[in-house]
Amino acid sequence: VEKDEDELTSAVTDILCKHKTYSIAKIREASNKEKDIKWQMALISIYSQTNEYEKVIQEYNALEKEYGHDEVIYYQRADCYDELGMVQTALSEINKAIEINGDYSNYSMLGQIYRGAGMYEEAIKAFDKVIELLPTNAWGYYVKGWCYELSGDDDNAMKLYEEGIDIDKEYP
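These figures come from a predicted structure and were not determined experimentally. (Residues numbered from 1 in each chain as written. Predicted model: local features only at pLDDT ≥ 70, side-chain atom pairs only at ≥ 80, totals over all residues. Heavy atoms only, no water.)

K.L.:
Explanation requested: helix 2 (residues 20-33) in the structure shown.
P.N.:
Because an α-helix packs 3.6 residues into every turn, residues spaced three or four apart end up facing the same way. In this model, helix 2 (14 residues) spans 20 Å end to end at C-alpha, consistent with the 20 Å of a helix rising 1.5 Å per residue. Taken together, the buried positions of helix 2 are Ser23, Ile24, Ile27, Ala30 and Ser31. In a view along the axis of helix 2, the buried residues occupy a sector of 130°, so they form one face of it. Away from its buried face by more than 90 degrees, helix 2 exposes Thr21, Tyr22, Asn32 and Lys33. (Helix = DSSP H or I, 4+ residues; strand = E, 2+ residues; numbered from the N terminus. Expected span 1.5 Å × (residues − 1). Buried < 20%, exposed > 50% of the residue type's maximum accessible area, 1.4 Å probe, protein only. Arc of directions from axis to C-beta.)

Rendered as structure tokens:
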């Protein structure tokens, strides 16, 4: 299970989404013949692309039953729950991912969930961890600054934006 799609998967998903009902039927048929995670991932991709987060969660639940606890499953479900506005469930899922692997992307998701919920102090703490784990990436400084800006602290926001620019002059 991967966190990011590759170019081929993205192109295939675009085509499949145009013919969704037929695609889903064919994928389920293929999945019944050949037990392979690629078919479940294809369904997840279609459902994700069409913003059917409940179905994405169902497919990840099935993956978890089959393959066990997995950081990526928790991460992806957290993203879906966040999209559905189920903040506490999203936080629970991303914290499970962090327990398995406290990497940059998991703390980034934690910060994004907090930021989206207007919980700026918690988001800033999560983005502190992002910066600690990957201090050479301007994105962490930008999103932490954004949280300060959203909370009304323009001075700290500007300091962080400037730090981010110092790290990567070409970052948007």
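Still more to cover.
K.L.:
Would you take a moment to explain the pattern of salt bridges for this structure?
P.N.:
If the charged atoms of two oppositely charged side chains come close together, the side chains can form a pair. A complete count under the given rule lists 11 salt bridges for this structure. Measuring nitrogen to oxygen at the nearest pair gives 3.2 Å for the salt bridge that ties Lys129 to Glu132. Of this pair, Lys129 and Glu132 both sit in helix 8 (residues 120-133), 3 residues apart, roughly one helical turn. The exposed category is assigned to Glu132, whose relative accessible area is 55%. Through salt bridges with shared partners, a single network forms among Glu64, Arg77, Glu93 and Lys96. (Salt bridge = Lys/Arg side-chain N within 4 Å of Asp/Glu carboxyl O.)

K.L.:
What am I meant to see in the packing of helix 5 (residues 71-83) against helix 6 (residues 87-100) here?
P.N.:
Two packed helices can be described by the angle between their axes and the distance between those axes. Between helix 5 and helix 6, whose axes approach to 8 Å, the crossing angle comes to 160°. Classified by the angle their axes make, helix 5 and helix 6 are roughly antiparallel. The chirality of how helix 5 crosses helix 6 is left-handed. Between helix 5, through Glu71, Tyr74, Tyr75, Arg77, Ala78, Tyr81 and Asp82, and helix 6, the contact on the second element is made entirely by Thr89, Ala90, Glu93, Ile94, Lys96, Ala97 and Ile100. Looking at the contact of helix 5 with helix 6 residue by residue, the class counts come to 8 nonpolar, 1 polar and 5 charged. (Axes fitted to C-alpha atoms, helices over the stretch in contact; angles between N-to-C directions. Parallel < 35°, antiparallel > 145°, perpendicular 65-115°, else oblique. Left-handed = near helix turned anticlockwise from the far one by under 90°. Contact = heavy atoms within 4.5 Å. Nonpolar A, V, L, I, M, F, W, Y, C, P; charged D, E, K, R; others polar.)

K.L.:
For this particular structure, what's the right way to read the packing of aromatic side chains?
P.N.:
For any two aromatic rings, the description comes down to two numbers: the centre-to-centre distance and the angle of the planes. On inspection of all chains with the given rule, the structure shows 4 aromatic pairs. Where Tyr104 meets Trp139, the ring centres are 6.3 Å apart and the plane angle is 70°; that geometry is what we call edge-to-face. Taken together, the residues span a long stretch of sequence, with Tyr104 in helix 7 (residues 104-116) and Trp139 in helix 9 (residues 138-150) at a distance of 35 residues. (Phe/Tyr/Trp six-rings, centres within 6.5 Å; stacked < 30°, edge-to-face > 60°.)

K.L.:
Help me understand helix 8, please; the structure alone is not making it clear to me.
P.N.:
Taking 1.5 Å per residue as the helical rise, helix 8 with its 14 residues ought to reach 20 Å, and the 20 Å between its terminal C-alpha atoms agrees with that figure. By the burial criterion, the buried members of helix 8 are Ala123, Ile124, Ala126, Phe127, Val130 and Ile131. Seen from one end, helix 8 has its buried residues packed into an arc of 165°, which puts them on one side. In helix 8, the exposed positions that point more than 90 degrees away from the buried face belong to Glu121, Lys125 and Glu132. Buried residues belonging to helix 8 abut helix 7 and helix 9.

K.L.:
Is there a simple way to explain the environment of Pro135 in this structure?
P.N.:
By the element assignment, Pro135 lies in the loop between helix 8 and helix 9. Spatially, the C-alpha atom of Pro135 lies 8.7 Å from that of Ile167, the residues being 32 residues apart in sequence. Apart from residues lying up to four places away in sequence, Pro135 is in contact with Tyr141 and Ile167.

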